[in-house]
Amino acid sequence: MSVAKKDYKRITTKSLIDMKINGEKISMLTAYDFTMAKIVDAAGVDVILVGDSASNVMAGHETTLPITLDQMIYHASSVVRACERALVVVDLPFGSYQSDPKEALRSSIRIMKESGGHAVKLEGGSEIAASIKKILNAGIPVMGHLGLTPQSIYKFGTYTVRAKEDTEAEKLLEDAKMLEKLGCFALVLEKIPAHLAEKVAQSISIPVIGIGAGSGVDGQVLVLHDMIGMTHEFSPRFLRRYMNLFEEMSTAIGQYVTDVKSKDFPNANEQY
């Protein structure tokens, strides 16, 4: 059964709760700069995630670990200036919240004050409960993130599907319930079995947004550069490419080079 889509002039954390209640799926994409964020926002995406994946797609690092809080604030402030409708969620980068709840709060305050972002996202469950509670007590909205948590890649040693075994699946479900109880407004589930993700979504009242977590959740998120095909080396099962921008850009740039070398560009109509 299709559900009528409500016209939200501005997406808030409450809007996402309403979407879950009304059965309207939530759309979420990453963005890291003004120009791309403006396009994503105008296209009607509900949530823009300024992800620490900027470490990979913008800076060329192998993992998300190297990106700093200052760099995340730079990217987030660029995105916020572009957005008129979307809720902007900003990742807390590795090292800015795990060791000390006070540090987690200081990092979150910096993001909110210096970038103008609307919420922060943290990876982890019970291990970081104290940090999440500290941030929430300051009135800062928090989105959780369970399943595959890329900031812990060296702990896991692989990007394979998480929570396939009963013990890990049970902990994930308990962590999801804990995040809801603490006051998180939403939760991202990354690369876990679809049946488990659906069970989590049905077990808690806050929206569950999946990436590689099947269709039984409340919304979906992808990395923009993957979705539009700017990156082409990364091809997991959960990724649907809506464009092949790598090929289109390569062709266009190659044509530009040819036109310059052949003196075809600029022509008489392209000069003053």
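Summarised in this report is the structure supplied together with it.

Criteria and thresholds
Residues numbered from 1 in each chain as written. Predicted model: local features only at pLDDT ≥ 70, side-chain atom pairs only at ≥ 80, totals over all residues. Heavy atoms only, no water. Helix = DSSP H or I, 4+ residues; strand = E, 2+ residues; numbered from the N terminus. Expected span 1.5 Å × (residues − 1). Buried < 20%, exposed > 50% of the residue type's maximum accessible area, 1.4 Å probe, protein only. Arc of directions from axis to C-beta. Contact = heavy atoms within 4.5 Å. Polar contact = N/O pair within 3.5 Å; in protein donor to acceptor, adjacent residues only side chain to side chain. Pairing = 2+ DSSP bridges. Salt bridge = Lys/Arg side-chain N within 4 Å of Asp/Glu carboxyl O. Right-handed = clockwise from strand over helix to strand, strands pointing away. Core = buried A, V, L, I, M, F, W, Y, C linked by side-chain atoms within 4.5 Å. Patch = residues over 30% accessible without salt bridge, like charges linked within 9 Å, V, L, I, M, F, W, Y side chains within 5 Å. Areas by Shrake-Rupley, 256 points an atom, 1.4 Å probe, with all protein chains shown as cover. Phe/Tyr/Trp six-rings, centres within 6.5 Å; stacked < 30°, edge-to-face > 60°.

1. Some words on helix H5 (residues 101–115)
Thought 1: Counted at 1.5 Å a residue, the expected span for H5 with its 15 residues is 21 Å, and the 21 Å between its end C-alpha atoms agrees.
Thought 2: For H5, the complete set of buried residues consists of Ala 104, Leu 105, Ser 107, Ser 108, Ile 111 and Ser 115. Projected down its long axis, H5 shows its buried positions confined to an angular sector of 165°, all on one face. Among the exposed residues of H5, those pointing more than 90 degrees away from its buried face are Lys 102 and Lys 113.
Thought 3: Those residues of H5 that are buried lie in contact with helix H4 (69–80), strand S3 (87–91), strand S4 (119–121) and helix H6 (129–137).
Thought 4: At the N-terminal boundary of H5, the capping side chain belongs to Asp 100, with an oxygen 3.1 Å from the backbone nitrogen of Lys 102.
Thought 5: With its phi angle positive at about 80°, Gly 116 sits one or two positions after the end of H5.

2. Some words on the pairing of strand S1 (residues 26–30)
Thought 1: Most of S1 sits inside the fold, with four of its five residues counted as buried.
Thought 2: In this structure, S1 lies alongside strand S8 (residues 219–222), joined through four bridges in parallel fashion. Across the sheet, residue Met 28 finds its bridge partner in S8, namely Val 221.
Thought 3: For S1 and strand S2 (residues 47–50), the ladder comprises three bridges, and the chain directions are parallel. The residue bridging Thr 30 from the neighbouring strand is Leu 49, located in S2.

3. Side note on the side chain of Ser 131
Thought 1: Structurally, Ser 131 can be placed in helix H6.
Thought 2: Accessibility expressed as a relative area gives 3% for Ser 131, which makes it buried.
Thought 3: Beyond its immediate chain neighbours, meaning those up to four positions away, Ser 131 contacts Tyr 97, Asp 100, Pro 101 and Ala 104.

4. Description of helix H9 (residues 194–203)
Thought 1: What H9 keeps buried is the set Leu 196, Ala 197, Val 200 and Ala 201. Buried positions in H9, seen along its axis, are confined to an arc of 140° and lie on one side of it. Exposed residues lying more than 90 degrees from the buried face of H9 are His 195 and Gln 202.

5. Focus: the pattern of salt bridges
Thought 1: Counted under the stated rule, the structure contains 10 salt bridges.
Thought 2: We note a salt bridge from Asp 91 to Lys 121, for which the minimum N-O separation is 2.8 Å. With a gap of 30 residues between them, Asp 91 in strand S3 and Lys 121 in strand S4 connect regions that are remote in the sequence. With respect to burial, Asp 91 and Lys 121 carry one shared label: buried.
Thought 3: One salt bridge in this structure joins Glu 114 and Arg 110, with 2.7 Å as the shortest N-O distance. Taken together, the residues Glu 114 and Arg 110, both in helix H5 and four residues apart, mark about one turn of the helix.

6. Here we look at the pairing of strand S6 (residues 186–190)
Thought 1: When you tally the buried positions in S6, you get five out of five residues, the bulk of the element.
Thought 2: What you see with S6 is no split at all: Ala 186, Val 188 and Glu 190 on one side and Leu 187 and Leu 189 on the other are buried throughout.
Thought 3: Looking at chain direction, strand S5 (residues 142–147) and S6 are connected through five bridges and run parallel. Bridge pairing links Leu 146 to Leu 189 in S6.
Thought 4: After leaving S6, the chain enters H9 and then returns to the sheet as strand S7 (residues 208–211), a path that is right-handed.

7. Observations concerning the nonpolar core
Thought 1: Core analysis: the biggest nonpolar cluster contains 82 residues, and Leu 122, Leu 187, Leu 189 and Val 200 have the highest contact counts within it.
Thought 2: Sequence-distant contacts of Leu 187, defined by excluding residues within four places in its chain, comprise Met 143, Gly 144, His 145, Leu 146, Ala 176, Leu 179, Val 200, Ile 204, Ile 206, Pro 207, Val 208 and Ile 209.

8. Quick notes on the environment of Ala 129
Thought 1: Considering the arrangement of structural elements, one finds Ala 129 in helix H6.
Thought 2: On a C-alpha basis, the gap between Ala 129 and Asp 175 in space is 9.3 Å, while along the polypeptide they are 46 residues apart.
Thought 3: If we skip the residues at most four places from it in the chain, Ala 129 touches Met 178 and Leu 182.

9. Side note on a nonpolar patch on the surface
Thought 1: On the surface, a cluster of nonpolar side chains totalling about 520 Å² of accessible area is made up of Met 249, Ile 253, Tyr 256, Val 257, Val 260 and Phe 265.
Thought 2: Residue placement: Val 260 occurs in helix H11 (residues 245–261).

10. With respect to the packing of aromatic side chains
Thought 1: In total, this model carries two aromatic pairs according to the counting rule given.
Thought 2: Their ring planes at 70° and their centres at 6.5 Å tell us that Phe 234 and Phe 238 sit as a pair that is edge-to-face.
Thought 3: Take Phe 238: its relative accessible area is 27%, and that puts it in the partly exposed class.

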